[in-house]
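Examining the three-dimensional arrangement
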Amino acid sequence: MIRSEKTRQLIIKKTASIFNKKGYTGTYLSDLTNATGLTKGSIYGNFKDKNEVALEAFRYNYKFQTEQVLSKIEKENNSDNKLLAFLNHYKTEFKPIFNNGGCAILNTAVDADNGNDLLNKEVIKTIHNWHQKINLILADGVKNNELKNIDIETFSYRMISLIEGSILLAKTLNKPEILINNIDFLIEEIHQIKLD
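Everything in this summary refers to the structure shown in the same document. Residue indices follow the written sequence of each chain, beginning from 1 at its first position. Note on the predicted model: pLDDT of at least 70 is required for a residue's local features to be given, and 80 or more for side-chain atom pairs to be given and counted; whole-chain, interface and lining totals, by contrast, use all residues. As a convention, hydrogens and water are excluded, and side-chain values are obtained from all of the structure's heavy atoms.

**A few points about the overall build of the chain**
- We count a stretch as a helix when DSSP gives it H or I for four or more residues in a row; a strand needs E for two or more, and each element gets its number in order from the N terminus. A tally of helices and strands in the chain yields ten helices and zero strands.
- Across the chain, helices and strands are ordered from the amino to the carboxyl terminus as α-α-α-α-α-α-α-α-α-α.
- With the C-alpha coordinates of the chain rotated into their principal frame, the extents come out at 60 × 35 × 30 Å.
- Burial status follows relative accessibility: with a 1.4 Å probe on protein chains alone, a residue under 20% of its type maximum counts as buried, one over 50% as exposed, and anything between as partly exposed. Residues counted as buried form 43% of the 196 residues belonging to the chain.
- Within the chain, contacts between residues at least 6 apart in sequence are counted, and of these 68% link residues at least 24 apart.
- For the chain, the accessible surface area stands at approximately 10,600 Å², while carbon and sulfur atoms represent 50% of it.
- Charge counting treats Lys and Arg as positive and Asp and Glu as negative, with His and both chain ends excluded. Charge coordinates come from a single atom per side chain, which is NZ of Lys, CZ of Arg, CG of Asp or CD of Glu. Of the side chains in the chain, 26 bear a positive and 24 a negative charge, and the two mean positions are spaced by 8 Å. Here a residue-residue contact requires only that any non-hydrogen atoms of the pair lie within 4.5 Å. Calculation of accessible area relied on Shrake-Rupley with a 1.4 Å probe; when residues are assessed, cover is drawn exclusively from the protein chains displayed.

**With respect to helix 9 (residues 152-172)**
- Taking 1.5 Å per residue, 21 residues should reach 30 Å; helix 9 reaches 30 Å between its end C-alpha atoms and fits that length.
- For helix 9, the full list of buried residues reads Ile-152, Phe-155, Ser-156, Met-159, Ile-160, Ile-163, Glu-164, Ser-166, Ile-167 and Ala-170. All buried residues of helix 9 fall inside an arc of 160 degrees around its axis, so they share one side. In this structure, helix 9 carries Ser-161 and Thr-172 as exposed residues pointing more than 90 degrees from its buried face.
- The positive-phi residue at the C-terminal boundary of helix 9 is Asn-174, with phi of around 55 degrees. In a helix, the anticipated span is given by 1.5 Å times the number of residues less one. The arc in question is the one spanned by the directions pointing from the helix axis to the C-beta atoms.

**A few points about the side chain of Glu-189**
- Structurally, Glu-189 can be placed in helix 10 (residues 176-193).
- Among all residues touching Glu-189, those that are not within four sequence positions of it are Phe-155 and Arg-158.

**What to know about the pattern of salt bridges**
- Salt bridge, as applied in this entry: a Lys or Arg side-chain nitrogen positioned within 4 Å of an Asp or Glu carboxyl oxygen. The full count for this structure, using the stated rule, is ten salt bridges.
- Measuring nitrogen to oxygen at the nearest pair gives 3.3 Å for the salt bridge that ties Lys-194 to Asp-80. Taken together, the residues span a long stretch of sequence, with Lys-194 in the segment after helix 10 and Asp-80 in helix 5 (residues 79-92) at a distance of 114 residues.
- A single network of salt bridges, built from pairs that share partners, joins Glu-56, Arg-59, Glu-122 and Lys-125.

**Description of the nonpolar core**
- What we call a nonpolar core is a set of buried Ala, Val, Leu, Ile, Met, Phe, Trp, Tyr and Cys residues that are connected through their side-chain atoms within 4.5 Å. Membership of the largest hydrophobic core comes to 49 residues, with the highest contact counts inside it found for Phe-86, Leu-87, Leu-138, Met-159 and Ile-163.
- Of all the secondary-structure elements, those providing two or more residues to this core are helix 1 (3-26), helix 4 (50-74), helix 5, helix 6 (94-99), helix 7 (104-112), helix 8 (117-143), helix 9 and helix 10.
- Ranked by residue count, the leading element in this core is helix 4, at eight residues.
- Aside from chain neighbours lying at most four places away, what touches Met-159 is Leu-83, Phe-86, Leu-87, Ile-134, Leu-186 and Ile-190.

**Here we look at the packing of aromatic side chains**
- Centres within 6.5 Å are what make two rings of Phe, Tyr or Trp a pair, Trp counting through its six-membered ring; a difference in plane orientation under 30 degrees is then read as stacked, over 60 as edge-to-face, and the rest as tilted. Scanning the model with the defined rule gives five aromatic pairs in all.
- When the centroid spacing of 6.5 Å and the interplanar angle of 25 degrees are considered together, the rings of Tyr-90 and Trp-130 count as stacked. Pair noted here: Tyr-90 is in helix 5 and Trp-130 is in helix 8, with a separation of 40 residues, a long-range link. Summarising the burial analysis for this pair, Tyr-90 and Trp-130 share the class buried.
- Among the aromatic residues, ring-to-ring pairing joins Phe-86, Tyr-90 and Trp-130 into one connected group.
- Sitting above the plane of the Tyr-24 ring, Lys-50 keeps its charged end 4.4 Å from the centroid. We count a charge as sitting over a ring when the NZ of a lysine or the CZ of an arginine lies within 6 Å of the ring centre and within 35 degrees of the ring normal.

Quick look at the structure:
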């Protein structure tokens, strides 16, 4: 890594949780300089503007939240076990997500919905990726006679919606049981669509 790339990575790593907690509009240049110990010139010498820093911070946060769950999914052979690994990740690993400010997708989606096209497009892309990943697992399960023939699109969006909404409520109200109970509901749904 060349020096500028090291500096870019430092800026991204040090500011990612700030953007996730305070949002794009609530994060100021002073937050970036305080977190990194760098000057305004150093930050803007490595990034075009705050938009670019925010975009890379979102990507960093998304990667932080998805790497572990994807590795758990990949260890499983059957589609139902992949879905259960996915759900159990949120059930057991919600504390780091909460400590990082909540779900990066949800936080950034709300923040970017009112005018930040760059961030909004990135959020939409990540939601599509998430949806596609679940769709593929479900489709493989149906094809391999592991799961009942279901409306894959609807089931996938329901999973995403329940997880996102549950993270929002559980973190905001400081009631993790909301998330855990809804994850248990989804786990039961997986058991119901599983073919014996």
